[in-house]
Amino acid sequence: MVHTVAAGRAGGVLPLASLNHISIVCRSVEESLRFYTDVLGFVPIRRPGSFDFDGAWLFNYGIGIHLLQSEDPGSLPEKREINPKDNHISFQCESMAAVERRLKEMGIPYVVRCVEEGGINVDQIFFHDPDGFMIEICNCDNLPVVPIAGDRVPVLGACKRAAAAVVKQQQQQQSSAVPVPSSAPAAAQCVPSAAAAIRVGEEAHISCA
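Criteria and cut-off values
- Starting afresh in each chain, residues are numbered from 1 along the sequence in its written order.
- Reporting of local features is limited, given that this is a predicted model, to residues whose pLDDT is at least 70; pairs of side-chain atoms are given and counted only at 80 or more, and all residues count toward the totals for whole chains, interfaces and linings.
- Water and hydrogen atoms were dropped before computing side-chain values, which therefore reflect all heavy atoms in the structure.
- Nine residue types can take part in a nonpolar core, namely buried Ala, Val, Leu, Ile, Met, Phe, Trp, Tyr and Cys, and a core is a set of them joined through side-chain atoms within 4.5 Å.
- Each residue's exposure class comes from its accessible area (1.4 Å probe, protein chains only) as a fraction of the maximum for that residue type: buried when under 20%, exposed when over 50%, partly exposed otherwise.
- Elements are defined by DSSP. Helices are runs of H or I of four residues or more, strands are runs of E of two residues or more, and each kind is numbered from the N terminus.
- The split of the chain into domains comes from an automatic or database domain assignment.
- Paired strands, as defined in this entry, are two strands with at least two bridges between them according to DSSP.
- Here an angle of 0 to 180 degrees is reported between the N-to-C directions of two axes, which are lines fitted to C-alpha atoms, with helices fitted over the stretch in contact.
- We call two N or O atoms a polar contact when they sit within 3.5 Å, provided that within protein one can donate a hydrogen and the other can accept it, with sequence-adjacent residues counted only if both atoms are side-chain atoms.
- By the convention used here, residues are in contact when the closest approach between their heavy atoms is within 4.5 Å.

A.B. asks: Can you walk me through the nonpolar core in this structure?
C.D. replies: Taken as a class, soluble globular proteins show a tendency for nonpolar side chains to be buried jointly. In this structure, Tyr36, Phe42, Ile65, Phe91, Phe127, Ile135 and Ile137 are the most contacted members of the largest nonpolar core, which totals 25 residues. The set of elements that each furnish at least two residues to this core consists of β1 (21–26), α1 (29–38), β3 (55–60), β4 (63–69), β5 (88–92), α2 (96–106), β7 (120–128) and β8 (134–138). Each of domain 1 (19–72) and domain 2 (80–144) gives at least three residues to this core.

The following block contains the structure:
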């Protein structure tokens, strides 16, 4: 397990390491499984056989998706309007144009938004999974990660992994009289891996896991 140093109040937060998975209750596990594999590129993985209810586990991009079969599918609310302010999970991509083109080819309804901050534009595409759960695709990593509390240390760079390494290095420098070599976060730079490749059409898009 990779251990990280949480930024913020010393001893005031849970000792977390990373996001592991999200769970989604489905009307049909089979239909949702097709969506998350064929549209979003997740890979089915082994699920514990001790579970006494239907479901499926998937993994990609450094996180898991756990699909749970609803015991009363008819009671699940139907969502037709795509509302960007609804609960959602967001995926980073390298080519918004390729994503939009592929959604059109698959006939999946979507809405497009653009956010401007300090001269930086962030493009967003929102659409639903089969149960109306919101999916966002964006280039949100265009924005730097800038903490608004504590020492207000700006974390530059798009890759979240590199940003976390910068925060960790600065905390180590503050807590130790021995300076941390400037090359310490180099290993955490954004290095594309095969598991992080999202293939859309003929283009491969890499996102940080």
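After that view, the rundown keeps rolling.
A.B. asks: Teacher, can you tell me more about the sheet that holds β1 here?
C.D. replies: Within a sheet, each strand pairs with its neighbour through backbone hydrogen bonds, oriented either parallel or antiparallel. Strand order in this open sheet of 4 strands is β1-β4-β3-β2, and the pairing throughout is mixed. On the outer flanks of this sheet lie β1 and β2 (43–45), each paired with one strand and no other. Strand-to-strand twist across the sheet, computed as the mean angle between neighbouring axes with direction ignored, equals 30°. Across 3 bridges, the pairing between β2 and β3 is antiparallel.

A.B. asks: In this structure, what is going on with the side chain of Asn60? I would like to understand it.
C.D. replies: Mapped onto the fold, Asn60 is located in strand β3. Polar side-chain contacts of Asn60 include one of 2.7 Å to the backbone oxygen of Gly41.

A.B. asks: Even after reading the chapter, I still don't get unusual backbone geometry, so can you show me in this structure?
C.D. replies: Note: most peptide bonds trans; most residues except glycine with negative phi. One non-glycine residue with positive phi stands out, namely Tyr61, at about 55°. On the secondary structure map, Tyr61 appears in the loop between β3 and β4.

A.B. asks: For this particular structure, what's the right way to read the sheet that holds strand β6 (residues 111–117)?
C.D. replies: Judged by pairing direction, the sheet is mixed, and its 4 strands sit side by side in the order β5-β8-β7-β6 without closing on themselves. Unpaired on one side and paired on the other, β5 and β6 mark the two borders of the sheet. Averaged over all pairs of adjacent strands, the angle between their axes in this sheet comes to 25°, without regard to strand direction. Pairing of β5 with β8, which is carried by 5 bridges, proceeds in the parallel orientation. Bridge pairing in β8 links Ile89 to Ile135. Taken strand by strand, α2 contacts β6, β7 and β8, and its axis lies near 20° from that of β7.

A.B. asks: I keep staring at the environment of Asp131 and nothing clicks. Help me out?
C.D. replies: Its location among the elements puts Asp131 in the loop between β7 and β8. Judged by its relative accessible area of 12%, Asp131 falls in the buried class. Spatially, the C-alpha atoms of Asp131 and Glu78 are 7.0 Å apart, while their sequence positions differ by 53 residues. Setting aside its immediate chain neighbours within four residues, Asp131 contacts Val25, Cys26, Arg27, Ser32, Leu76 and Pro77. Within the structure, Asp131 has its side chain in polar contact with the backbone nitrogen of Arg27 (distance 2.9 Å). Among the polar contacts made by the side chain of Asp131, one reaches the side chain of Ser32 at a distance of 3.1 Å.

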